[in-house]
Amino acid sequence: YGNGSFLKTHKEAKQLAASMTKVGKLMGIKISHLLSPMDEPLGRAVGNALEVAECVEVLQGGGPPDLVDRVLDLAEQVSTEPRAKLARWLSDGTAWRKFISLVYAQDGDASSLEKITDVHRAPIIHPLLAQTAGIVKKMDAETIGRVSLLLGGGRQTVDNTIDFAVGVSGIKKVGEQVEVEEPLLFIHAQSEPALASVLPLLESAAVIG
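Residues numbered from 1 in each chain as written. Predicted model: local features only at pLDDT ≥ 70, side-chain atom pairs only at ≥ 80, totals over all residues. Heavy atoms only, no water.

Undergrad: What should I look at first to understand the overall build of the chain in this one?
TA: When helices and strands are tallied, the chain shows eight helices and six strands. Tracing the chain from N to C terminus, the helices and strands come up as α-α-α-α-α-α-β-β-α-β-β-β-α-β. Relative to the compact-globule value of 17 Å for 209 residues, the chain shows a C-alpha radius of gyration of 19 Å, a close match. Across its three principal directions, the C-alpha atoms of the chain cover 50 × 40 × 40 Å. Out of the 209 residues belonging to the chain, those deemed buried represent 33%. Expressed as a percentage of contacts within the chain between residues at least 6 apart in sequence, the contacts between residues at least 24 apart total 67%. For the chain, the accessible area works out to roughly 12500 Å², and carbon and sulfur atoms hold 56% of it. The average position of the 21 basic charges and that of the 26 acidic charges among the side chains of the chain differ by 9 Å. (Helix = DSSP H or I, 4+ residues; strand = E, 2+ residues; numbered from the N terminus. Rg over C-alpha atoms; globule rule 2.2 N^0.38 Å. Buried < 20%, exposed > 50% of the residue type's maximum accessible area, 1.4 Å probe, protein only. Contact = heavy atoms within 4.5 Å. Areas by Shrake-Rupley, 256 points an atom, 1.4 Å probe, with all protein chains shown as cover. Lys, Arg positive; Asp, Glu negative; His and termini not counted. Charge placed at Lys NZ, Arg CZ, Asp CG, Glu CD.)

Undergrad: I tried to follow the side chain of T143 on my own but got confused; where do I start?
TA: Residue placement: T143 occurs in helix α7 (residues 141-153). When near neighbours in sequence (up to four residues on either side) are disregarded, T143 contacts L201 and A205.

Undergrad: Please explain the pairing of strand β5 (residues 183-189) as it appears in this structure.
TA: It is a general feature of regular strands that their side chains alternate between the two faces of the sheet. Within β5, five of the seven residues are buried, leaving the element largely enclosed by the surrounding structure. With three bridges joining them, strand β3 (residues 167-169) and β5 adopt antiparallel strand pairing. Opposite G167, over in β5, you have H188 as the bridge partner. (Pairing = 2+ DSSP bridges.)

Undergrad: What am I meant to see in the environment of K115 here?
TA: With respect to the helices and strands, the residue K115 is situated in the loop between α5 (94-105) and α6 (116-119). In this structure the C-alpha to C-alpha distance between K115 and D140, which are 25 residues apart in sequence, comes to 29 Å.

Undergrad: In this structure, what is going on with the pattern of salt bridges? I would like to understand it.
TA: Applying the stated criterion across every chain, the model contains 10 salt bridges. When the shortest N-O distance is used, the salt bridge between R83 and D73 registers 2.8 Å. Of this pair, R83 sits in helix α4 (residues 83-91) while D73 sits in helix α3 (residues 65-78), placing them 10 residues apart in sequence. The class of D73 is partly exposed, set by a relative accessible area of 24%. The network of salt bridges with shared partners includes D69, R70, D73, E76 and R83. (Salt bridge = Lys/Arg side-chain N within 4 Å of Asp/Glu carboxyl O.)

Undergrad: What am I meant to see in unusual backbone geometry here?
TA: If a residue is not glycine, its phi is most likely negative; likewise, a peptide bond is most likely trans. Of note in this structure, D107 is not a glycine but carries a positive phi near 65 degrees. Among the secondary structure elements, D107 is positioned in the loop between α5 and α6. With a phi close to 65 degrees, E181 is a non-glycine residue in the positive phi region. With respect to the helices, strands and loops of the structure, E181 is situated in the loop between β4 (177-178) and β5. What makes E181 exposed here is its relative accessible area of 59%.

Undergrad: So what exactly am I meant to see when it comes to the side chain of D140 here?
TA: You can see D140 is positioned in the loop between β2 (134-139) and α7. K138 provides the closest opposite charge to the buried, unpaired D140, separated from it by 4.3 Å. At 2.6 Å, the side chain of D140 and the side chain of T143 are in polar contact. (Polar contact = N/O pair within 3.5 Å; in protein donor to acceptor, adjacent residues only side chain to side chain.)

Below, the structure written as structure tokens:
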């Protein structure tokens, strides 16, 4: 992202990364960066509580493989440990236990994160069903991000209140096989009008071939 929107080209991303690195250097802060494609959503969830729940899943040794890979990519940027060891810390519970200790050291309650989607649960969870069988050819990240914003998951103006419960979950990945009427994703909305307003966008975001 850049200035609240997707960067469209690799060149734009490199320019933003270089600018941020330069600002950090001027402030005496060491900054590294990692560029990654965003043609489809990272992981299977978009939305505040939904993404936190997915992060907890990764820390506990699960989670979508593409998200786990990105976590390891970032961890390698700041750690001297080999990738295999970092991956083992995720899978054997070491990372989760360390996270819990950090939370409690700051007087937090890590257990609340394991039930975050119960605390922040939208009243409407609606599946977007595949109309045909085939392979997912496209799952447009920009459109899905805009849908989350329109549902209330982000601020359109500075005085907006963020709704932690809304968003999109269970997103199918490009290359996955789907059957007729299999859910391509699930929409978490606060009202039927809100759901109806984003359905056309999501129907255009997912392409099956």
